[in-house]
Every structure is written in C-alpha cells, then in structure tokens.
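# Descriptive analysis of the structure
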Amino acid sequence: MSSSPLIDELIEAFRCLPGVGQKSAQRMSLHLLERNRQGGRKLGETLALALDKIGNCRHCRNLTEEAVCRICANPGREHRLCCVVETPADVLAIEQAGAYRGMYFVLMGHLSPIDGIGPEQLGIPLLLERVAGAGFEEVILACNATVEGDATAWYIAEQLRGTKARISRIAHGVPVGGELEFTDGGTLAHAFSGRAPMDPP
C-alpha cells in the first residue's frame, strides 16, 4: 500500500492483465508515472477506444472494429475452407505461420458446462449456419490439445456429420526439431494416434 490511494488503484487496475502480479503491476504503474506519462496517456486513450469500438465479426466472431473482419472480406482468401479455433490469439498464430489462407470461425472459448459455457456461448449454432450457407468444402478443427479442446472438437464434429463438408482435425504431436526423449507422454500419444501413411517419393 502506497501513500496515494490513486496509485494503489492504478496498480490494482494493471493486475487484471493475465500473468501480472503485484510487483509487475507496481513496476508498470510507477514507470508510467515517473518516466512516460505521455505513453500512459496514449495507452489509456487507445485502450478506451478499443474497448468502445471493437466487437465481433458477424461471420467468424473474430475481434474487429468492422461489421465484417478483413479476413472474411478478403476475396483473395480460400473461401472453401473454414478453420475453427478457440481464441483470436489462435488466429494470429496461424496467420503468422503463413501456411493457411482459408476462413476462420472463432469460438471464444471451449465447452465447459461447470462454468456455464455451452454450445450457445461458443456460437456453434452460428457455425452450423455458416457451414450450411457458405458452402465450405472442409472444416478444420484446430481446438487446443487439452481435455476441453478435445471434447469441443468432438462435439462440433458430431454436429457437422450431416453436412457436405469434410471434417478434419489439425495434427498434434512431436514439434519440428523436437527429440522423442524430451517429449511428454500426452504429446507422444497424440503423435501415434494421428500418424499418417508415408508414401514413397
């Protein structure tokens, strides 16, 4: 506790960020107050604007300040493919990898009945509408390799069984450059269950 209630309030405000504890929040708060008040003002203004303007794309649910995000509106994308991910961070990771040029659908989480997160909260009815109406040839399930991610992927796959779209799941297993002796058992199990035939060149 400092001599200023407002500083204490600022420190507490920074603690809402993931991974930011008391010391980190204190360091960031004091840095802005001591050395970078202009940066602090810019941060505050941009954050307020973003919270006010940014919503969800009406097609894919990704975060955007537009009604339809730039990926969905891009005619150069592969509109026959749809990749289902859990969060906007997953979209950023896939885009940065540069190996996928199709469309997305962002669930904004995973199934968790104990937390009150069911199909409605994840927008799965909207996903089913999109698959039926957009003519996707393939839906790629890219949920995380967790118990919740697996359950979510299986649920979505079951809901899509009656559609014309082919349903696939991204491979999970040993990372490129990884060594088997340092790979955990769960990852190895995924690698073996998801093995693919190795055709000769």
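Preceding this paragraph is the structure being described.
Residues numbered from 1 in each chain as written. Predicted model: local features only at pLDDT ≥ 70, side-chain atom pairs only at ≥ 80, totals over all residues. Heavy atoms only, no water.

## What to know about helix 7 (residues 147-159)
Its 13 residues give helix 7 an end-to-end C-alpha distance of 19 Å, which sits within 8% of 18 Å, the value for a rise of 1.5 Å per residue. Among all positions of helix 7, only Gly-149, Asp-150, Thr-152, Ala-153, Ile-156 and Ala-157 are buried. The arc enclosing the buried residues of helix 7, seen along the axis, measures out at 165 degrees, which places them on a common side. Opposite its buried face, helix 7 presents the exposed residues Val-147 and Trp-154, each directed more than 90 degrees away. (Helix = DSSP H or I, 4+ residues; strand = E, 2+ residues; numbered from the N terminus. Expected span 1.5 Å × (residues − 1). Buried < 20%, exposed > 50% of the residue type's maximum accessible area, 1.4 Å probe, protein only. Arc of directions from axis to C-beta.)

## Here's the deal with the pattern of salt bridges
Throughout the structure, instances matching the rule amount to 9 salt bridges. Linking Glu-34 and Arg-35 is a salt bridge whose minimum nitrogen-to-oxygen distance equals 3.7 Å. Judged by its relative accessible area of 54%, Glu-34 is exposed. For Arg-80, the salt bridge is made with Glu-137, and the minimal N-O distance between the two is 3.8 Å. A residue pair is termed long-range when its members are at least 10 positions apart, and Arg-80 in strand 3 (residues 78-85) and Glu-137 in the loop between helix 6 (124-134) and strand 5 (138-141) qualify at 57 residues. Judged by its relative accessible area of 43%, Arg-80 falls in the partly exposed class. For Glu-137, a relative accessible area of 46% corresponds to the partly exposed category. The network of salt bridges with common partners includes Glu-78, Arg-80 and Glu-137. (Salt bridge = Lys/Arg side-chain N within 4 Å of Asp/Glu carboxyl O.)

## Comments concerning the packing of aromatic side chains
Tallying each qualifying case throughout the model produces 1 aromatic pair. Here the aromatic rings of Tyr-100 and Tyr-104 are separated by 5.3 Å at their centres, their planes lie at 65 degrees, and the arrangement is edge-to-face. (Phe/Tyr/Trp six-rings, centres within 6.5 Å; stacked < 30°, edge-to-face > 60°.)

## Here's the deal with the nonpolar core
Ranked by size, the top nonpolar core spans 33 residues in total, and within it Val-84, Leu-107 and Ile-156 carry the most contacts. At the level of secondary structure, the elements contributing two or more residues to this core comprise helix 4 (70-73), strand 3, strand 4 (102-106), helix 6, strand 5 and helix 7. With 5 residues, the next largest nonpolar core counts Ile-11, Phe-14, Val-20 and Leu-32 among its residues. (Core = buried A, V, L, I, M, F, W, Y, C linked by side-chain atoms within 4.5 Å.)

## Structural notes on unusual backbone geometry
One non-glycine residue, Arg-61, lies in the positive phi region at around 75 degrees. Tracing the backbone shows Arg-61 in the loop between strand 1 (55-56) and strand 2 (63-64). In this model, Met-108 sits at a positive phi of 65 degrees, which is unusual for a non-glycine residue. Tracing the sequence through the fold places Met-108 in the loop between strand 4 and helix 6. Accessibility expressed as a relative area gives 32% for Met-108, which makes it partly exposed.

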